[in-house]
Amino acid sequence: MAKEELIQFEGLVTEILPDARYRVQLDAGHEIVAYTAGKMKKNRIKTLAGDRVTIEMSPYDLEKGRLIFRHKDERPGGGGGAPRGAPPRGQFRRR
């Protein structure tokens, strides 16, 4: 017997729950509970409320899913502050 194909959806994390679980609002309008995939735990990828994510779901239970990918922010600027190694501004007073 062949393994069933998993269904992938995209959504938005609305709430962080205990035990590495998240409440996710799918683009289709449904709200599900998803847990963090093992590779995301292993690589210490953090997910916060408001992040865009990709969810894998079994066709048999459409209320639960596995969070498999966190999409990068699409904010303008892309830098995110000072470059690595540069001292933070305003920390020391110049004499």
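Residues numbered from 1 in each chain as written. Predicted model: local features only at pLDDT ≥ 70, side-chain atom pairs only at ≥ 80, totals over all residues. Heavy atoms only, no water.

In the nomenclature of an unreviewed UniProt entry, the chain corresponds to Translation initiation factor IF-1 from the organism Bradyrhizobium lablabi. For the chain, the Sequence similarities (unreviewed entry) comment in UniProt is given as "Belongs to the IF-1 family." The Subunit (unreviewed entry) field of the UniProt record for the chain holds the comment "Component of the 30S ribosomal translation pre-initiation complex which assembles on the 30S ribosome in the order IF-2 and IF-3, IF-1 and N-formylmethionyl-tRNA(fMet); mRNA recruitment can occur at any time during PIC assembly." (UniProt positions renumbered as here; feature names shortened; annotations may be inferred.)

Considering the arrangement of structural elements, one finds Glu 56 in strand 4 (residues 52-58). You can call Glu 56 buried: its relative accessible area is 18%. At 2.6 Å, the side chain of Glu 56 forms a polar contact with the side chain of Arg 66. Filtering out sequence-adjacent residues up to four positions away, Glu 56 remains in contact with Leu 6, Ile 7, Gln 8, Gly 65, Arg 66 and Ile 68. (Helix = DSSP H or I, 4+ residues; strand = E, 2+ residues; numbered from the N terminus. Buried < 20%, exposed > 50% of the residue type's maximum accessible area, 1.4 Å probe, protein only. Polar contact = N/O pair within 3.5 Å; in protein donor to acceptor, adjacent residues only side chain to side chain. Contact = heavy atoms within 4.5 Å.)

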